[in-house]
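In case you want the letters, here they are:
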Amino acid sequence: MTDIVDRLRTLVQERYVFPDAAAEIADRLAARRDGYPADPAALAGAVTADLQSVNGDKHLRLLHHAEPLPEQAPGDDAAEYAVMAQWAERTCGGIANARRLPGDVGLLEVTPVLFPAVLVGDVYAAAFTLLAPVRALIVDLRGCLGGEPSAVGLFMSYLWDHEPVQLTGMYERATDQVRQSWTHAHVPGRRFGRDRPLYVLTSKGTFSGGEALAYDVQQTGRGAVVGEQTRGGAHPREAFRLHPHLEATISVARAVNPVSGTNWESVGVTPDLPTSADQALPTAYRAALEQVCAEGGPSAAEARATLDAGAPL
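Definitions and limits used
Residues numbered from 1 in each chain as written. Predicted model: local features only at pLDDT ≥ 70, side-chain atom pairs only at ≥ 80, totals over all residues. Heavy atoms only, no water. Salt bridge = Lys/Arg side-chain N within 4 Å of Asp/Glu carboxyl O. Helix = DSSP H or I, 4+ residues; strand = E, 2+ residues; numbered from the N terminus. Buried < 20%, exposed > 50% of the residue type's maximum accessible area, 1.4 Å probe, protein only. Phe/Tyr/Trp six-rings, centres within 6.5 Å; stacked < 30°, edge-to-face > 60°. Lys NZ or Arg CZ within 6 Å of the ring centre and 35° of its normal. Pairing = 2+ DSSP bridges. Axes fitted to C-alpha atoms, helices over the stretch in contact; angles between N-to-C directions. Contact = heavy atoms within 4.5 Å. Left-handed = near helix turned anticlockwise from the far one by under 90°.

Caption draft 1: Expanded view of the pattern of salt bridges. Per the stated rule, a full pass over the model turns up eleven salt bridges. A salt bridge links Glu24 to Arg28; the nearest nitrogen and oxygen atoms lie 3.5 Å apart. Of this pair, Glu24 and Arg28 both sit in helix H2 (residues 19-31), four residues apart, which is roughly one turn of the helix. Note on Arg28: relative accessible area 35%, which makes it partly exposed. When salt bridges that share partners are traced, they join Asp6, Arg9, Arg33 and Asp34 into one network.

Caption draft 2: Fine view of the packing of aromatic side chains. Inspection of the entire model under this criterion finds six aromatic pairs. Each ring, one from Tyr16 and one from Phe18, has its centre 5.8 Å from the other, and the planes form 70°; the classification is edge-to-face. When the centroid spacing of 5.3 Å and the interplanar angle of 85° are considered together, the rings of Tyr124 and Phe155 count as edge-to-face. Within this pair, whereas Tyr124 is found in helix H5 (residues 117-131), its partner Phe155 is found in helix H6 (residues 149-158), the two being separated by 31 residues in sequence. Aromatic rings pair up to connect Tyr124, Phe128, Phe155 and Tyr158 into one cluster. Directly above the aromatic system of Phe207 lies the positively charged group of Arg231, at a separation of 4.0 Å from the ring centroid.

Caption draft 3: Structural detail: the sheet that holds strand S9 (residues 237-243). A sheet is described by the order of its strands in space; here three strands give the open sequence S1-S10-S9, paired in antiparallel fashion. Each end of this open sheet is capped by a strand with a single partner; those strands are strand S1 (61-64) and S9. When strand polarity is set aside, the average angle formed by the axes of neighbouring strands in this sheet is 25°. Both S1 and strand S10 (residues 246-251) contribute to a ladder of four bridges, which runs antiparallel. Bridge pairing in S10 links Leu63 to Glu247. Sitting on the sheet, helix H1 (residues 2-15) is in contact with S9 and S10, with an inclination near 160° to S9.

Caption draft 4: Summary view of the sheet that holds strand S5 (residues 166-172). With antiparallel pairing, three strands are arranged side by side in an open sheet as S6-S5-S11. The open sheet has two edge strands with one neighbour each: strand S6 (177-182) and strand S11 (253-256). Across the sheet, the mean angle separating the axes of adjacent strands is 25° when strand polarity is ignored. Sheet topology note: the S5/S6 ladder contains five bridges and is antiparallel.

Caption draft 5: Summary view of the pairing of S5. In terms of burial, S5 is largely enclosed, as five of its seven residues are buried. Turn length for the S5-S6 hairpin, with the two strands adjacent in sequence and antiparallel, is four residues, and the turn residue Asp176 shows positive phi of about 55°. Relative to S11, S5 runs antiparallel, the two being bridged by four bridges. Bridging from a neighbouring strand, Tyr171 pairs with Arg254 of S11.

Caption draft 6: Just H6, in detail. Among the ten residues of H6, eight are classified as buried, and the element is accordingly described as predominantly covered. Every buried residue of H6 is listed here: Ala151, Val152, Gly153, Leu154, Phe155, Met156, Ser157 and Tyr158. The inward-facing, buried residues of H6 abut strand S3 (105-110), H5, strand S4 (136-140), S5 and helix H7 (209-219).

Caption draft 7: Up close: unusual backbone geometry. Residue Thr111 is joined to Pro112 through a cis peptide bond whose omega torsion reads 5°. Inspection of the secondary structure puts Pro112 in the loop between S3 and H5. The backbone phi angle of Ser208 is positive, close to 55°, even though this residue is not glycine. Summarising the element assignment, Ser208 is placed in the loop between strand S7 (198-202) and H7.

Caption draft 8: Summary view of the environment of Gly93. In this structure, Gly93 sits in the loop between helix H4 (78-90) and strand S2 (95-101). What makes Gly93 buried here is its relative accessible area of 3%. As for Gly93 and Thr111, which are separated by 18 residues in sequence, their C-alpha atoms are 8.7 Å apart. Setting aside anything within four residues of it in sequence, one finds Gly93 in contact with Ala88, Phe115, Val120, Val123 and Tyr124.

Caption draft 9: View of the packing of H6 against H7. Remark: H6 packs on H7, axes separated minimally by 10 Å, with the N-to-C direction vectors making an angle of 35°. Once H6 is placed against H7, the crossing between them reads as right-handed. Residue-level inspection shows Val152, Phe155 and Met156 of H6 in contact with H7, the latter providing Gly209, Ala212, Leu213, Asp216 and Val217.

And the structure:
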């Protein structure tokens, strides 16, 4: 297995977004090169611990797969894309729930991930068109384990208006530049827009792309984050097949938000309304109903009646 460790060291040195940390990580791998276990699963665990020992980057991993990984040429992501497309098809494009709650509050649950926008644009358009009329919206990211930056930008576009706003971009080591991200001036279907109340639910399991969405909502001032501190993974990664059962993931960029100038790496997204994951939905629902009541209008009476009944879920 020493050849796998050697190839991984080279990848880290050449691709990892932080060159100084890459050098230190490579030294640690070299120091243990001949002492790693031969079993692929055990090797993956031991190497991952060393990869993350310098700065705790949760995207820096050696993953073990029980099923053999297909061979692919460098830069050829067709197989990965096909698997992702099948996964999206089986999970309704990551939209597990889109419904109107009593009191004219919408609930949109995203799980397991924010799939690439090219795969789920029609799903997002349908979900937001359905929920566009509600007076307040809850986006549930408690079960969102990751996502692709293009999906974050598209999703945020439905929570904004036609005038674009800059979102979290990506500094790429390969280009030594920040690749900017903006909301879209046009989206298919109807928008929820930027003016009505918005609550985003998080848990300790919310990660990567899910965190990016929550962070952008928070940093743009678009809504409130409710729930638990998230896991803290802000570095986009690429995957490399090193063995039929072993895949390395290397962080090749880092998130840079135009408002904060930083990101949520290692620390996670801090909720505006901290509470347990179990209580996040009831907490946000009550807050949303109170705002609908305060605004008055045709939905206020229904929202008040729902609150008086204990805001059942």
